[in-house]
Amino acid sequence: MDLPVVDLDVFRNQPRDSAAVQAECAKAAEALITFGALVLHDSRVSEQDNDAFLDLLEDYFAQPEADLKRDERPELSYQIGVTLENTEKPKCAADEPCLRVIERLEPSERPLDITAHSPDPKCRFFWKMVERPPYDTKFPGLNAPNIIPDAPHIAARWGSTMDQWGASMKNAVEGLTEMAAVGLGLPAETFKDAGRYGPHLLAPTASDLQKYGAKDTILAGFHTDLNFLTIHGRSRYPGLHIWARNTGRRIAVKIPPGNNLLVQAGKQLEHMTGGLVKAGFHEVVVNDQTLAVIAARRETKPDRPLVRISSTFFWHLSSDLDLAPIPALAAKAKELRAEQFNLGRDDGDDVEYPPMKVGEQVQSELKHIALMA
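Residues numbered from 1 in each chain as written. Predicted model: local features only at pLDDT ≥ 70, side-chain atom pairs only at ≥ 80, totals over all residues. Heavy atoms only, no water.

This brings us to the sheet that holds strand β10 (residues 250-252). Taking strand neighbours across the sheet as the criterion, the 4 strands line up as β7-β12-β9-β10 in an open arrangement whose pairing is antiparallel. Of all the strands in the sheet, the pair left with one neighbour each is β7 (218-223) and β10. Each strand of the sheet is rotated relative to its neighbour by a mean of 20°, with strand direction disregarded. Relative to strand β12 (residues 281-285), strand β9 (residues 240-243) is paired through 4 bridges, and the arrangement is antiparallel. Each residue of the ladder has a partner; that of L240, found in β12, is V284. (Pairing = 2+ DSSP bridges. Helix = DSSP H or I, 4+ residues; strand = E, 2+ residues; numbered from the N terminus. Axes fitted to C-alpha atoms, helices over the stretch in contact; angles between N-to-C directions.)

Turning our eyes to something else, we now look at the pairing of strand β8 (residues 229-232). Burial of β8 is two-sided: the residues L229 and I231 facing one way and the residues T230 and H232 facing the other way are all buried. Relative to strand β11 (residues 260-265), β8 is paired through 4 bridges, and the arrangement is antiparallel. Residue pairing for β11: L229 is matched across the bridge by A265. Here β8 runs beside strand β14 (residues 312-315); their pairing, made up of 4 bridges, is antiparallel. In the sheet register, I231 faces β14, and the bridge partner there is F313. (Buried < 20%, exposed > 50% of the residue type's maximum accessible area, 1.4 Å probe, protein only.)

Our next topic: unusual backbone geometry. Even without glycine at this site, N86 takes up a positive phi of about 60°. Secondary-structure assignment places N86 in the loop between β3 (81-83) and α5 (96-104). Accessibility expressed as a relative area gives 38% for N86, which makes it partly exposed. You will see that D216, though not glycine, has its phi angle at about 70°, which is positive. Classification of D216 by relative accessible area gives partly exposed; the value is 45%.

What follows concerns the packing of aromatic side chains. The tally for this structure, following the rule as stated, stands at 11 aromatic pairs. Geometrically, the ring pair formed by Y60 and F125 is edge-to-face, given 5.3 Å between the ring centres and 85° between the ring planes. You can see Y60 sitting in helix α3 (residues 47-61) and its partner F125 sitting in strand β4 (residues 123-128), a full 65 residues away along the chain. Judged by relative accessible area, Y60 falls into the buried class, the value being 0%. (Phe/Tyr/Trp six-rings, centres within 6.5 Å; stacked < 30°, edge-to-face > 60°.)

Attention now moves to the pattern of salt bridges. Throughout the structure, instances matching the rule amount to 24 salt bridges. Between E24 and K27 there is a salt bridge, with its nearest N and O atoms 3.4 Å apart. Highlighted residues: E24 and K27, both in helix α2 (residues 19-34), separated by 3 residues, approximately one helical turn. With a relative accessible area of 11%, E24 lands in the buried category. Take K27: its relative accessible area is 33%, and that puts it in the partly exposed class. A salt bridge links R157 to D59, with the shortest nitrogen-to-oxygen separation between them at 2.9 Å. You can see R157 sitting in helix α6 (residues 152-183) and its partner D59 sitting in helix α3, a full 98 residues away along the chain. On the basis of relative accessible area, R157 is assigned to the partly exposed category, the value being 28%. (Salt bridge = Lys/Arg side-chain N within 4 Å of Asp/Glu carboxyl O.)

Glancing now at the state of the cysteines. This structure, assessed with the given rule, holds 1 disulfide. Here C92 connects covalently by a disulfide to C98, the sulfurs 1.7 Å from one another. Disulfide C92 to C98: torsion about the S-S bond roughly 80°, handedness right-handed. For C98, a relative accessible area of 4% gives the class buried. (Disulfide = S-S within 2.5 Å.)

This part is about α5. Taken together, the buried positions of α5 are C98, L99, V101 and I102. The buried residues of α5 all sit within an arc of 150° when viewed along its axis, so they share a single face. Looking at the buried residues of α5, the elements they touch are β7 and β12. (Arc of directions from axis to C-beta. Contact = heavy atoms within 4.5 Å.)

Below is the structure:
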């Protein structure tokens, strides 16, 4: 994919002041600034855990819709439990700054057209992976307790499987927050402490490829994520495309085999760095590679549900945190923007990042994607 590979093992196993650790941290920060994405290597990550997670979610989303609907909580803005298909709308379908991002891309590098796109035909499940704050949050709807599905064949595996894979993803991404902070010239704990009580979410999406398996079907329209960092394990079905900042190229994601994960920057990281790091755009579609895997799965796994599960984790800042750009990073962002301008590169609209609570930022974004009234 031409994305840098950052080795978390170096950070975990060598002295923090060693040249190797400092170089790896600088690589992490530079990758987030330049591309908004990177591949993270963490030897603790188990492909077996990911497979067990994918099996469980395939079984869950193969249930009748009436059974799934029992786990839906629209009164909590769908921030826990299930979100059914054709509910969430891609913000970019009607957001002028986002549409201008698309216009600046070469026609061959643009996402599939979402201007007439209906809500995404994907389902989702949110499972919280949180440390409860020692205070009463002002945003209880964003910090509601987990829901366990009723079906015995699913409930028996649910908590242990979700927590096992969720912990692997959370541990990996929290290690990266420390590396990125060091690489940006900040104390290692800056971002990790800011997200200590965040409403982190193991957040698999599910797309029924029996219903939505035609080529060029948009499963998740062109968008960025509202959280701080998003981390992905490998899905069984291709179709995720990302746009790396400063390249203008659409990149088909193929996470290298082994203990590797894909990480993308989200809007909270963009806000906190004053735009030095930009949230990464991505889409999920049915392409030729998706069709090839569908055909192979029908042949080799005829008894398994034909459902594309994304192995996704959203790492958030704490809801009650005051969100504002870090002055030193905001200054670097202005310098970088000026450099890009002098090189004749369009770095997009000049964005303001007003101070607010993280919970307010999340609520604002949820309204844009039709998950909150």
